[in-house]
Amino acid sequence: MKQAVIDIGSNSMRLTVYETGQGTFTILFKDKIMAGLAGYVENGVLTQEGISQACEGLLSFQATLEALDIRRVAVFATASLRNIRNTSQAVNLIQAATGYPIEVLSGQEEARWGYYGAMREVNLADGVFVDIGGASTEIVRFSQGTIQDAVSCPVGSLKLYRDHVKKILPNAQALTAMEKAVSQATDGVIQKPRARQLPLVCVGGTARAALKLAKHVYQLPEGTNRVSARQVKELCALVCSSQKQAADLILKLAPERIHTMIPGLLILRQVAEGFGVSEMIVSKYGVREGYLCGRILKVS
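Report follows, based on the coordinates. The structure displayed is predicted, hence computed values, not measured ones.

Scoring rules and cut-offs
Residues numbered from 1 in each chain as written. Predicted model: local features only at pLDDT ≥ 70, side-chain atom pairs only at ≥ 80, totals over all residues. Heavy atoms only, no water. Helix = DSSP H or I, 4+ residues; strand = E, 2+ residues; numbered from the N terminus. Rg over C-alpha atoms; globule rule 2.2 N^0.38 Å. Buried < 20%, exposed > 50% of the residue type's maximum accessible area, 1.4 Å probe, protein only. Lys, Arg positive; Asp, Glu negative; His and termini not counted. Charge placed at Lys NZ, Arg CZ, Asp CG, Glu CD. Pairing = 2+ DSSP bridges. Axes fitted to C-alpha atoms, helices over the stretch in contact; angles between N-to-C directions. Contact = heavy atoms within 4.5 Å. Parallel < 35°, antiparallel > 145°, perpendicular 65-115°, else oblique. Left-handed = near helix turned anticlockwise from the far one by under 90°. Nonpolar A, V, L, I, M, F, W, Y, C, P; charged D, E, K, R; others polar. Phe/Tyr/Trp six-rings, centres within 6.5 Å; stacked < 30°, edge-to-face > 60°. Disulfide = S-S within 2.5 Å. Patch = residues over 30% accessible without salt bridge, like charges linked within 9 Å, V, L, I, M, F, W, Y side chains within 5 Å. Areas by Shrake-Rupley, 256 points an atom, 1.4 Å probe, with all protein chains shown as cover. Salt bridge = Lys/Arg side-chain N within 4 Å of Asp/Glu carboxyl O. Core = buried A, V, L, I, M, F, W, Y, C linked by side-chain atoms within 4.5 Å.

1. Concerning the overall build of the protein chain
The number of helices and strands found in the protein chain is 11 helices and 13 strands. Computed over its C-alpha atoms, the radius of gyration of the protein chain comes to 18 Å, within 12% of the 19 Å expected for a compact globule of 300 residues. Over its C-alpha atoms, taken along the principal directions, the protein chain stretches across nearly 45 × 45 × 35 Å. Taken over 300 residues, the protein chain has a buried fraction of 54%. Of the side chains in the protein chain, 33 bear a positive and 26 a negative charge, and the two mean positions are spaced by 4 Å.

2. So, the sheet that holds strand β3 (residues 25–33)
Hydrogen bonds between backbone groups are what pair the strands of a sheet, and the pairing can be parallel or antiparallel. Here we have 5 strands laid out as an open sheet, ordered β3-β2-β1-β6-β7, and mixed in their pairing. This sheet does not close on itself; its edge strands, each paired only once, are β3 and β7 (102–104). Here the strands of the sheet are splayed against their neighbours by 20° on average, with no regard to which way each runs. Bridge count between strand β2 (residues 13–20) and β3: 8 bridges; the pairing is antiparallel. Looking across to β3, one finds that glutamate 19 is bridged to threonine 26. Each of β1 (2–8), β2, β3, β6 (73–77) and β7 is contacted by helix α1 (residues 48–67), which is oriented at about 30° to β2, the strand it contacts most.

3. Remarks on the packing of helix α8 (residues 229–241) against helix α10 (residues 261–275)
For the pair α8 and α10, interaxial distance at closest approach is 9 Å and the crossing angle is 150°. Taken together, the axis directions place α8 and α10 in an arrangement best described as roughly antiparallel. In the crossing of α8 with α10, the sense of the turn from one axis to the other is left-handed. Across from Val232, Lys233, Leu235, Cys236, Val239 and Cys240 in α8, the residues of α10 making contact are Ile262, Leu265, Leu266, Leu268, Arg269 and Glu273. A class-by-class count of the residues in the contact of α8 with α10 yields 9 nonpolar, no polar and 3 charged.

4. Looking at the packing of aromatic side chains
In the structure shown here, the tally under the stated rule is 8 aromatic pairs. Plain terms: the ring middles of tryptophan 113 and tyrosine 291 are 6.3 Å apart, the flat faces sit at 80° to each other, and that makes the pair edge-to-face. With a gap of 178 residues between them, tryptophan 113 in helix α4 (residues 107–119) and tyrosine 291 in helix α11 (residues 287–296) connect regions that are remote in the sequence. One aromatic cluster in this structure is built from Phe76, Trp113, Tyr115, Tyr116, Phe129, Phe142 and Tyr291.

5. Overview of the state of the cysteines
A covalent bond between the sulfur atoms of two cysteines is referred to as a disulfide. Counting across every chain of the model gives 0 disulfides. Free cysteine: cysteine 153, not disulfide-bonded; nearest cysteine sulfur from cysteine 202 at 14 Å.

6. Regarding a positive patch on the surface
A surface patch of positive charge is lined by Lys30, Lys32, Arg208, Lys212 and Lys284. Inspection of the secondary structure assignment puts lysine 30 in strand β3.

7. What to know about the sheet that holds strand β13 (residues 279–282)
Overall, mixed pairing links the 6 strands, which are arranged β10-β9-β8-β11-β13-β12 in an open sheet. Two strands lie at the open edges of the sheet, namely β10 (146–153) and β12 (226–228), each paired on one side alone. Taking each pair of neighbouring strands and ignoring which way they run, the sheet shows an average axis angle of 20°. The pairing of strand β11 (residues 199–203) with β13 spans 4 bridges and is parallel. In the sheet register, valine 201 faces β13, and the bridge partner there is isoleucine 281.

8. Quick look at the nonpolar core
Counting 51 residues, the largest nonpolar core has Leu200, Leu213, Leu265, Leu268, Val271 and Met280 as its most contacted members. The dominant element in this core, judged by the number of residues it contributes, is α10, at 9 residues. Contacts of valine 271, omitting those with residues within four sequence positions, involve Val130, Ile139, Ile190 and Leu200. Counting residues in each nonpolar core, the second largest holds 26 residues, with Val41, Leu46, Ile51 and Val91 among its members.

9. Here's the deal with unusual backbone geometry
Although it is not a glycine, glutamine 219 sits at a positive phi angle of roughly 50°. Relative to the helices and strands, glutamine 219 resides in the loop between α7 (205–218) and β12. Positive phi values are uncommon outside glycine, yet lysine 298 reaches one of about 60°. The topology assignment puts lysine 298 in the segment after α11.

10. Some points on the packing of α4 against α11
For the pair α4 and α11, interaxial distance at closest approach is 6 Å and the crossing angle is 90°. As the angle between them shows, α4 and α11 are arranged roughly perpendicular. In contact with Glu109, Glu110, Trp113, Gly114, Tyr116 and Gly117 of α4, α11 contributes Val287, Glu289, Gly290, Tyr291, Gly294 and Arg295.

Read these as geometric descriptors, not functional statements.
This is the structure in structure tokens:
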């Protein structure tokens, strides 16, 4: 059975098509649109232009799915529609324009589905999970295979950029302001474990781009999905130290993230240092796979 899942995020809209079986799935197809919906929020309200962007993205995905004759489609939204004042209005307008019912996930639901999705690939008993999005960051602390805390922090890579950066890359003043904003948004959430360093399991565009940059800078094996905590810290310092060096590196390896790479890395560094983690592990699965398995296939 073929099943499509669409994730309306604050920075990107993503479509994944799966072949599903008895509690199993295989990814058949992926598509992405960098809609940047967080950039269309004014005074807490998603503007009509932002709503139109969301509709255009969904209609583009719809055309693709119709061409592939895929009829089973689930659509959910995260902070893009959750953290605005006109959620109901925006959802109703998008549903009316596209015909797709939309489920708006709570912050805790997004964190849990992201964690469950990542664990489909990274089977760890203890650690910290993080999903850095465009307008929110989800953090899960897990022990002995059980979630201890699942929270959503009101800070994301695109929101940081929009709030604090005037040009393409941040200057020293913007970096300081973003660091303060990240610290305030995660206050009370980050708690360094007393005993031992834990792995940090990451999903999302920032984590994947950070892994790509780290592979290049540190000449890591192409197939690796792990970066040491020290390398994460050094990588963040590297891109923050020189605008030209940062621009050259990001444009070469992750050009679509030229605006959000540094803000995303600041969040990643804060989480890594705050929890005192040993390494970053990037999972290829995340909230869409967790949602697919938990909400649609009903498997744990």
